[in-house]
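Overview (structure and organization)
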Amino acid sequence: MAQIKITQSEVLSDNWYVLRKITYEYTQADGGVQIHQREAYDRGNGATILLYNKEAGTVILTRQFRLPTYVNGNPDGMMIEACAGLLDQDNPEDCIRRETEEETGYKITEIQKVFEAYMSPGSVTEILYFFIAAYAKSMKVSDGGGVEHEQENIEVLEIPIHQALQMIQSGEIKDAKTIMLLQHIKLQGIL
Ligand SMILES: Nc1nc2c(ncn2[C@@H]2O[C@H](COP(=O)(O)OP(=O)(O)O[C@H]3O[C@H](CO)[C@@H](O)[C@H](O)[C@@H]3O)[C@@H](O)[C@H]2O)c(=O)[nH]1
Ligand SMILES: [Mg+2]
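Throughout what follows, the structure given in this document is the object of discussion. (Residues numbered from 1 in each chain as written. Chains lettered and ligands numbered in written order. Predicted model: local features only at pLDDT ≥ 70, side-chain atom pairs only at ≥ 80, totals over all residues. Heavy atoms only, no water.)

This part is about helix 3 (residues 161-170). For helix 3, the complete set of buried residues consists of Ile161, Ala164, Leu165, Met167 and Ile168. Along the axis of helix 3, the buried residues cluster in a sector spanning 150 degrees; they form a single face. When the buried face of helix 3 is taken as reference, the exposed residues oriented beyond 90 degrees from it are His162, Gln166 and Gln169. For helix 3, the elements touching its buried residues are strand 5 (58-65), strand 6 (78-81), strand 10 (155-160) and helix 4 (176-187). At the exit of helix 3 stands Gly171, carrying a positive phi of roughly 90 degrees. (Buried < 20%, exposed > 50% of the residue type's maximum accessible area, 1.4 Å probe, protein only. Helix = DSSP H or I, 4+ residues; strand = E, 2+ residues; numbered from the N terminus. Arc of directions from axis to C-beta. Contact = heavy atoms within 4.5 Å.)

What follows is the structure in structure tokens.
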């Protein structure tokens, strides 16, 4: 296994999130030492959740504008995604309960952690915690839509699972966390 020693960490940008240039010694298995420099974008960690209803065979997804996709080939910048949020000070479970209520309007009870994943390990530090939870109409406490002062403007979608899976094939769903959760629900036979 390679040995790593960080020798320098320079902040290139500290605005909304932090971009660092990190220099490190990389000692290979044969003892040879290389000097590497890599940039790492630190925007904290996140959590995401897929809400599902067994009886109806539906899932809850969100739709919102995502600027980085707009500047990289997504014509209207709109993305259909599983509900998700950044952790702030919370633990992943508290975070996703709060985000679920803010974004979808559902106050969920039992939630289940399914896995965790680095979403872009060559450039972004973030680890994402994945959850699923059952939802029912009776759990709806508000319209959702996100937090006004954060300019979130989130649309809430209730979609049959078979349609959501087709939307991956058609390219209407292009978000990695969402694809992972939809496939998980299908693979595990939950819906
Ligand atoms: N003003 C400003 N706002 C920003 C900036 N970058 C992000 N935001 C806003 O900050 C809010 C963060 O909302 P959250 O719901 O907490 O996070 P998220 O963006 O939904 O994050 C989730 O999705 C990401 C993309 O898939 C994931 O990377 C992340 O882990 C998480 O799952 C969003 O409204 C976003 O537009 C910025 O540079 N400036
Ligand atoms: Mg969000």
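Further remarks concern the coordination of the magnesium ion (ligand 2). Coordination of the magnesium ion (ligand 2) by the protein is provided by Ala84 (O) and Glu103 (OE), with metal-donor distances spanning 2.1 to 2.2 Å. With Ala84 in strand 7 (residues 83-86) and Glu103 in helix 2 (residues 92-104), this pair connects stretches of sequence that are 19 residues apart. The pair formed by Ala84 and Glu103 is uniform in burial state, with each residue classed as buried. (Donors = N, O, S within 2.8 Å, 3.2 Å for Na, K, Ca; no water.)

Quick look at helix 4 now. End to end, helix 4 covers 16 Å across twelve residues, agreeing with the expected 16 Å (1.5 Å per residue, within 8%). Of all the residues in helix 4, the buried ones are Lys177, Thr178, Leu181, Leu182, His184 and Ile185. Along the axis of helix 4, the buried residues cluster in a sector spanning 155 degrees; they form a single face. Downstream of helix 4 by a residue or two, Gly189 has a phi angle that is positive, lying close to 70 degrees. (Expected span 1.5 Å × (residues − 1).)

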